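Summary of the model geometry
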Amino acid sequence: MRKPFVAGNWKENTDSRSSVELAKAVVAGSAGVAREKVTVAVIPPFVYLQAVVRAVSASGIAVGAQDVYFEPKGAFTGEISPGMLKDVGCTYVLCGHSERRHVIGETDALVGKKVTAAIGGGLLPILCVGELLEERDAGRTEQVVTRQLEAGLAGLNGEKMQAVTIAYEPVWAIGTGRTATPQQAQEVHAFIRGLLAEKYDKSVAEEIRLLYGGSVKGDNAADLMREEDVDGLLVGGASLKADEFVRIIQAAV
Ligand code: PGA
């Protein structure tokens, strides 16, 4: 059985005070939810990681980073290594979030290097994939997701795959209020699991957690989670409100 996983990506939001307040409110609000039943992670901006790690300590809530660089150290101004993230208490890291791909311009190959480096540095990468609206309309969703997965997982054997979570986030559903229907999410998730079974084997495919992301809210979380291959949710906007995020966590159990 795959344990449900709910992660809140705060993106470029909060400040030193509100990040800690939000983290503490999530801890308090979700205190009654057994941690054995659901993995919960919050993913604040880099500069608030340490404060948020302190705020959630002993709660069983994990902390993740929104990005990472693949080089362990050196002359790479502005970049943050897996070792640095581990050092400040991060467990997870997003790799290839659609905003990094489509706003910042990260390539599939760069995302793949980040995933490998994250695992090498002892982090658990959440590899994000998903198609643009024009790609979906052109019937190219599976092709795009396949390309992103091939490059994102390049060089990982079955054993290393145990560290990986995959998030399917159709770009047209992110921050738009236009959630994929549970059926649309399930269709792509089942496709991804099939691809992993081909690329690795059935047990790797059965064990890996596949999250859906894109306009997830308290109101639609339970319907999405009801789908067989939706193992969790990657939440953006709705993770900035503790009550709403806690509702989503409760819907995932
Ligand atoms: P959203 O963002 O929930 O605000 O659509 C999801 C994400 O980008 O991870």
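No experiment lies behind these values; they were computed from the predicted model shown.

**Overview of the site of the ligand**
What surrounds the ligand is a group of 13 residues, the closest being Lys-11, His-97, Glu-169, Gly-175 and Ser-215. Ser-215 is positioned with one of its backbone polar atoms (N or O) 2.7 Å from an oxygen atom of the ligand. Here an oxygen atom of the ligand and a backbone polar atom of Gly-237 are 2.8 Å apart.

**Concerning the packing of aromatic side chains**
Within this structure, the stated rule accounts for four aromatic pairs. Note on Tyr-69 and Phe-70: the rings are 4.6 Å apart at their centroids and 35 degrees apart in plane angle, and the pair reads as tilted. Since its relative accessible area comes to 17%, Tyr-69 is described here as buried. Taken together, the ring pairs in this structure connect Tyr-69, Phe-70 and Phe-76 into an aromatic cluster.

**Let's talk about the packing of helix H1 (residues 16–29) against helix H2 (residues 49–56)**
The geometry of a pair of packed helices is captured by two quantities: the angle between their axes and the separation between those axes. Packing of H1 against H2 leaves a shortest axis separation of 9 Å and a crossing angle of 25 degrees. Taken together, the axes of H1 and H2 lie roughly parallel to each other. Pair H1 / H2 crosses with right-handed handedness. Contacts from Ser-19, Val-20, Ala-23, Lys-24 and Val-27 in H1 reach Ala-51, Val-52, Ala-55 and Val-56 in H2. Of the residues in the contact of H1 with H2, the class split is seven nonpolar, one polar and one charged.

**A few points about the packing of H1 against helix H12 (residues 242–252)**
Close contact between H1 and H12 brings their axes to 9 Å; oriented N to C, the two are set at 40 degrees. Between H1 and H12, the interaxial angle falls into the category oblique. The crossing of H1 and H12 is right-handed. Counting all contacts with H1, which are made through Leu-22, Ala-25, Val-26 and Gly-29, the residues of H12 involved are Ala-242, Phe-245, Val-246, Ile-249 and Gln-250. Class assignment of the residues belonging to the contact of H1 with H12 gives a composition of seven nonpolar, two polar and no charged.

**Considerations on the pattern of salt bridges**
A complete count under the given rule lists 18 salt bridges for this structure. Of the charged contacts, one joins Lys-114 and Asp-67 as a salt bridge, the two residues approaching to 2.9 Å between their closest N and O atoms. Here Lys-114, found in helix H5 (residues 108–120), pairs with Asp-67, found in the loop between strand S3 (62–65) and helix H3 (82–87); they are 47 residues apart in sequence, far enough to count as distant. The same class applies to Lys-114 and to Asp-67, which are both buried. Residues participating in the shared-partner salt-bridge network are Arg-2, Arg-193, Glu-206, Asp-229 and Asp-231.

**Concerning the pairing of strand S7 (residues 209–213)**
Summarising burial for S7: five of the five residues are buried, a large majority. Here strand S6 (residues 165–168) runs beside S7; their pairing, made up of four bridges, is parallel. Opposite Ile-166, over in S7, you have Leu-210 as the bridge partner. Bridge count for S7 against strand S8 (residues 232–235) is three bridges, and the pairing is parallel. Among the inter-strand pairings, Leu-211 is bridged to a residue of S8, identified as Gly-232.

**Thoughts on the sheet that holds S3**
Strand pairing in a sheet takes place through backbone hydrogen bonds and is either antiparallel or parallel in direction. Taken together, the eight strands give a closed barrel; going around it, the order is S1-S2-S3-S4-S5-S6-S7-S8, and neighbouring strands pair in parallel fashion. On average, each strand axis in the sheet is inclined to that of its neighbour by 25 degrees, with strand direction left out of account. Pairing geometry for strand S5 (residues 124–129) and S6, over four bridges, is parallel. The partner of Leu-127 across the bridge, within S6, is Ile-166. Each of strand S4 (92–95) and S5 is contacted by H5, which is oriented at about 160 degrees to S5, the strand it contacts most. Taken strand by strand, H12 contacts strand S1 (5–9), strand S2 (39–43) and S8, and its axis lies near 160 degrees from that of S1.

The rules we used
Residues take numbers from 1 onward in each chain, read along the sequence in its written order. Under the rules for a predicted model, residues below a pLDDT of 70 receive no local features and side-chain atom pairs below 80 are neither given nor counted, while totals for whole chains, interfaces and linings still include all residues. Excluding hydrogens and water, the side-chain figures rest on all heavy atoms present in the structure. Proximity criterion: a residue is near a molecule or strand once any of its heavy atoms comes within 4 Å of it. Each polar contact in these results corresponds to two N or O atoms within 3.5 Å; when the atoms are within protein, one needs to be able to donate a hydrogen and the other to accept it, and residues that are neighboring in sequence are counted only if both atoms are side-chain atoms. Two aromatic rings, drawn from Phe, Tyr or Trp (for Trp, its six-membered ring), form a pair once their centres lie within 6.5 Å of each other, and the interplanar angle then sorts them: stacked below 30 degrees, edge-to-face above 60, tilted otherwise. Remark: exposure states derive from per-residue accessible area (1.4 Å probe, protein chains only) relative to the maximum for the residue type, with buried under 20%, exposed over 50%, and partly exposed in between. Fitted lines through C-alpha atoms give the axes, limited to the stretch in contact for helices. The angle between two N-to-C directions lies from 0 to 180 degrees. Helix and strand labels come from DSSP, where a helix needs a run of H or I of at least four residues and a strand needs a run of E of at least two; each type is numbered from the N terminus. An angle counts as roughly parallel when it lies under 35 degrees, as roughly antiparallel when it exceeds 145, as roughly perpendicular when it falls between 65 and 115, and as oblique in every other case. Note on convention: the crossing is left-handed when the near helix lies turned anticlockwise from the far helix by less than a right angle, right-handed when the turn is clockwise. Residue contacts are counted whenever heavy atoms from the two residues lie within 4.5 Å of one another. Polar here means any residue outside two lists: the nonpolar Ala, Val, Leu, Ile, Met, Phe, Trp, Tyr, Cys and Pro, and the charged Asp, Glu, Lys and Arg; Gly therefore counts as polar. Whenever Lys or Arg places a side-chain nitrogen within 4 Å of a carboxyl oxygen from Asp or Glu, that contact is recorded as a salt bridge. Any two strands with at least two DSSP bridges between them are considered paired.

It is worth stressing that arrangement in space is one thing and function is another; only the former is reported here.
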